Amino acid sequence: MTDTPYFVIDDLTIGYHKVPVIRDISVKVQKGEIIALIGPNGAGKSTLLKTIARDLEPIRGKIFLEGRDMQTITYRELSKKLAVILTERIKVELTTCRDVVATGRYPYTGRLGVLRGEDQRIVDEAMETVHALELAERDFNAISDGQRQRVLLARAIAQQPEMILLDEPTSFLDVRHKLDLLTILTRMARKKNITVIMSLHEIDLAEKVADRILTVKGDTQFGFGAPGEVFEEQAIRKLYDIEDGYFDPLFGSIELKKPAGDTPEVFVLAGAGTGISVYRKLQRENVPFATGVLYENDVDYRLARLLAAETVSVPAFAAPDDAVYEKAFETMRRCGRILLAGDAARTPNAPLLTRAKAAGLVVLDAKTEGWTL
């Protein structure tokens, strides 16, 4: 990467009929970067992509591509640099999927739009890249939304652009094809140095695939930076106005709110990842629970701090002392019922399990399929 940005948005205000949707957008993007655009519904993500694609005129500010004002680049020249996949359905009649992909080659053909042998090869390669060759002779209007998305991506690839804009490209795809699409885009960015700007609803995917994240909310740019900077727990809470739930930036997971009630009914002996499925089952059944003893660098602790009514914990690598064990045991006695998640001997909880059994407390094995309280 060079210090000179490939793509620049400078003090941009966008909207419809001179009415602003987002004001004061300023970002700099290097060639080959993947930029994810996230924010609440109606925040203007699609409007920004349409403005970059020159479907909409900016209200104020400029957009530069390789140092040139994009408004001064001819459409023919721009079509060789920029490919666009927006959410609007393209309307075609009696057109095969291969014909749709072939339109990606039109910027390179003469006035008659006749494809050469080289163009045909590029079309086939593009369809093979997105695993769509089997759709080649199918009517484009007769395939599923997910298949249509793959065909449109193949068209963009056949265009051989330097930059691709995508509006919610994963929305109609199953898990396998979401991963396929993002893998393809990542490979194109890394191997072919293609810049990718896309809006995503799945913030966990945005966190994993993007080099940088642009967030928008209300009528402003909310943030722009590396995923580790943007995906901070409180920032995502404010971005989406989350009240009934949580976002964990470490795992990129959305969690529902904790069970109602401050008095735990069950104590979960957990640790080393054994408690996660138990915590979530208790959350689904709206059973308030306590858990421990957990190291604060344990994956169980990451979820327990969000879902448990009480969590008995110790700092990472610190040995629990007598006071910690006493606190955990008193909490277990108040709960009356105990769930053993995993092997207590592999966590700091072996002494607690022994003491609980000696005191006659009810200990259920959470590893038993179909356990009930």
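None of the values given here were measured: they were computed from a predicted structure.

Rules of the game
Residues numbered from 1 in each chain as written. Predicted model: local features only at pLDDT ≥ 70, side-chain atom pairs only at ≥ 80, totals over all residues. Heavy atoms only, no water. Helix = DSSP H or I, 4+ residues; strand = E, 2+ residues; numbered from the N terminus. Buried < 20%, exposed > 50% of the residue type's maximum accessible area, 1.4 Å probe, protein only. Contact = heavy atoms within 4.5 Å. Lys, Arg positive; Asp, Glu negative; His and termini not counted. Charge placed at Lys NZ, Arg CZ, Asp CG, Glu CD. Core = buried A, V, L, I, M, F, W, Y, C linked by side-chain atoms within 4.5 Å. Pairing = 2+ DSSP bridges. Phe/Tyr/Trp six-rings, centres within 6.5 Å; stacked < 30°, edge-to-face > 60°. Axes fitted to C-alpha atoms, helices over the stretch in contact; angles between N-to-C directions.

**Things to note about the overall build of the chain**
When helices and strands are tallied, the chain shows 13 helices and 17 strands. Counting only C-alpha atoms and orienting by the principal axes, one finds that the chain spans roughly 90 × 45 × 35 Å. The buried share among the 373 residues of the chain stands at 51%. Put simply, 64% of the contacts in the chain that link residues at least 6 apart link residues at least 24 apart. Charge centroids of the chain, computed over 50 positive and 54 negative side chains, lie 3 Å from each other.

**Some remarks on the nonpolar core**
In this structure, Leu153 and Met198 are the most contacted members of the largest nonpolar core, which totals 53 residues. With 7 residues, helix α5 (residues 145-158) is the single largest residue contributor to this core. If sequence neighbours within four positions are ignored, Leu153 has contacts with Ile85, Val130, Leu166, Leu181, Ile184 and Leu185. Within the second largest apolar cluster, 28 residues are counted, among which are Val27, Val29, Leu86 and Leu214.

**Concerning the pairing of strand β4 (residues 60-65)**
Sheet analysis places strand β1 (residues 7-16) next to β4, joined by 5 bridges and oriented antiparallel. Along β4, the bridge assignment pairs Phe7 with Leu65. Relative to strand β5 (residues 68-69), β4 is paired through 2 bridges, and the arrangement is antiparallel. Residue pairing across strands places Leu65 opposite Arg68, the latter belonging to β5. In sequence, β4 turns back onto β5 through a hairpin of 2 residues, with Glu66 there showing a positive phi of about 50°.

**Details of the packing of aromatic side chains**
Pairs of aromatic rings are described using the distance from one ring centre to the other and the angle between the two planes. Under the defined criterion, the tally for this structure stands at 2 aromatic pairs. Centroid distance Phe231 to Phe247: 5.9 Å. Interplanar angle 40°. Geometry classified as tilted. With Phe231 in the loop between α8 (227-230) and α9 (233-240) and Phe247 in strand β11 (residues 245-248), this pair connects stretches of sequence that are 16 residues apart. You'll find Phe231 and Phe247 in the same group, each marked buried.

**Observations regarding the sheet that holds strand β16 (residues 337-340)**
In space, the 5 strands of this open sheet follow the order β15-β14-β13-β16-β17, with parallel pairing throughout. Two strands bound the open sheet, and with one partner strand each, they are β15 (310-314) and β17 (362-365). Along the sheet, successive strands turn relative to each other by an average axial angle of 20°, direction set aside. Two elements, strand β14 (residues 289-295) and β15, share 4 bridges in a ladder whose sense is parallel. Bridging from a neighbouring strand, Ala290 pairs with Glu310 of β15. On top of the sheet, helix α10 (residues 276-284) reaches β13 (266-269), β14 and β16; it is set at about 160° to β14, its chief contact. Together, β14 and β15 form the strand contacts of helix α11 (residues 299-307), whose direction differs from that of β14 by roughly 150°.

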